[in-house]
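Remarks on the overall topology
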Amino acid sequence: MPRKYFRKYLPSHESVRNHKYLGKLGRFLHHPNLWHLNRRSVSGGVAVGMFSGLVPGPLQMLTAALLAIPLRVNLPVALLTTLYTNPFTIVPLYLLAYWIGSMVTGGAGAPMTEPPEFSWAHVGEGMRALADWALALGRPLALGLVMLALGLATLGWLAVQILWRAWVIVQWRRRKRRRGTA
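Everything quoted here is computed from the prediction, not taken from an experiment. (Residues numbered from 1 in each chain as written. Predicted model: local features only at pLDDT ≥ 70, side-chain atom pairs only at ≥ 80, totals over all residues. Heavy atoms only, no water.)

For the protein, the helix and strand inventory stands at eight helices and zero strands. Expressed as a percentage of the 182 residues in the protein, the buried residues total 34%. Sequence separation of at least 24 residues holds for 70% of the intrachain contacts in the protein that already meet a minimum separation of 6. Counting only carbon and sulfur atoms, one obtains 67% of the accessible surface of the protein, whose full area is about 11900 Å². (Helix = DSSP H or I, 4+ residues; strand = E, 2+ residues; numbered from the N terminus. Buried < 20%, exposed > 50% of the residue type's maximum accessible area, 1.4 Å probe, protein only. Contact = heavy atoms within 4.5 Å. Areas by Shrake-Rupley, 256 points an atom, 1.4 Å probe, with all protein chains shown as cover.)

Quick look at the structure:
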């Protein structure tokens, strides 16, 4: 993968160690895989981010950090990957999760209703109405969210593994061609 490009934007070990707030976390943030760009660390970070992205509310990045640190996967990648959920994608993802959950449970639970109208003028009320709507859907939504999160995490992990391997093979072939013609 284009590691040189991403290395410009990732913090160094020293900057994390010397940061006045992050330095207090001490040994938890010192594992090299939290910051290195290798296939295992990045694919794990994507998987953690995809899983954590479906956590309700503003806890997505916190969940990603709490999972990435003990699993020793790339922390910045895990945090950035959670951004696939946003105000435009969260409702379709939750509808998909409800559909998956209702297929697994056989339709048990509350019937599907229309999601509430969202107004940027009343964001707080809109988010509260969305949360009430999601809670009313109950068991199918909860089961569907877990299943969708696990499925997206698996697909994200596989995609990074395959793309990373393909990138390495392309680079090997380029190097081989250069050496053969030089």
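Once you've had a look at it, read on.
Next up on the list: the nonpolar core. The biggest cluster of nonpolar side chains holds 22 residues, and the ones touching the most others in it are Val42, Leu54, Tyr94, Leu141, Leu145 and Leu148. Contributing elements (two or more residues each) for this core: helix H3 (39-52), helix H6 (90-105), helix H7 (123-137) and helix H8 (139-181). Tallying contributions element by element places H8 first for this core, with seven residues. Excluding its chain neighbours within four sequence positions, the residues that come into contact with Leu54 are Tyr84, Thr85, Leu93, Tyr94, Leu145, Leu148, Ala149 and Leu152. (Core = buried A, V, L, I, M, F, W, Y, C linked by side-chain atoms within 4.5 Å.)

Another point: the environment of Leu96. Turning to its location among the elements, Leu96 is positioned in helix H6. Each C-alpha atom, one on Leu96 and one on Leu148, is 8.0 Å from the other, the two residues being 52 residues apart in sequence.

At a minimum axis separation of 9 Å, H3 and helix H4 (residues 60-71) run at an interaxial angle of 145°. Of the two possible hands of crossing, H3 and H4 adopt the one that is right-handed. Contacts between H3 and H4 involve Arg40, Val48, Phe51 and Ser52 on the former and, on the latter, Gln60, Thr63, Ala64, Leu67, Ala68 and Leu71. Looking at the contact of H3 with H4 residue by residue, the classes come out as six nonpolar, three polar and one charged. (Axes fitted to C-alpha atoms, helices over the stretch in contact; angles between N-to-C directions. Left-handed = near helix turned anticlockwise from the far one by under 90°. Nonpolar A, V, L, I, M, F, W, Y, C, P; charged D, E, K, R; others polar.)

Another point: a nonpolar patch on the surface. Taken together, the side chains of Leu96, Trp99, Met103, Val104 and Met147 define a hydrophobic patch exposed on the protein surface, amounting to about 490 Å² of accessible area. Mapped onto the fold, Val104 is located in helix H6. (Patch = residues over 30% accessible without salt bridge, like charges linked within 9 Å, V, L, I, M, F, W, Y side chains within 5 Å. Salt bridge = Lys/Arg side-chain N within 4 Å of Asp/Glu carboxyl O.)

What follows concerns the side chain of Asn74. With respect to the helices and strands, Asn74 occurs in the loop between H4 and helix H5 (75-81). Given a relative accessible area of 0%, Asn74 falls into the buried group. Among the polar contacts listed, one links the side chain of Asn74 to the backbone nitrogen of Val77, at a separation of 3.0 Å. Residue contacts for Asn74: discarding those within four places in its chain leaves Asn33, Leu34, Trp35, His36, Leu37, Ser41, Val42 and Gly45. (Polar contact = N/O pair within 3.5 Å; in protein donor to acceptor, adjacent residues only side chain to side chain.)

The next subject is a positive patch on the surface. On the surface, a cluster of positive charge is made up of Arg173, Arg174, Arg175, Lys176, Arg177, Arg178 and Arg179. For Arg179, the position within the fold is in helix H8. With a relative accessible area of 63%, Arg179 lands in the exposed category. (Lys, Arg positive; Asp, Glu negative; His and termini not counted. Charge placed at Lys NZ, Arg CZ, Asp CG, Glu CD.)

This part is about H3. Over its 14 residues, H3 extends 20 Å from the first C-alpha to the last, a length consistent with the 20 Å expected when each residue adds 1.5 Å. Taken residue by residue, H3 has Ser41, Val42, Ser43, Gly44, Gly45, Val46, Ala47, Val48, Gly49, Met50 and Ser52 as its buried positions. (Expected span 1.5 Å × (residues − 1).)

The end-to-end C-alpha distance of H6 is 22 Å, a good match for the 22 Å that 16 residues give at a rise of 1.5 Å each. Those residues of H6 that sit buried are Ile90, Leu93, Tyr94, Ala97, Tyr98, Ile100, Gly101, Ser102 and Thr105. Looking one or two places after H6, you find Gly106, whose phi comes out positive at around 75°.

This part covers the environment of Gly151. Looking at the secondary structure, you find Gly151 in helix H8. The class of Gly151 is partly exposed, set by a relative accessible area of 30%. Each C-alpha atom of the pair Gly151 and Met50 lies 9.0 Å from the other, and the pair is 101 residues apart in sequence.

These values are about where atoms sit, not about what they do.
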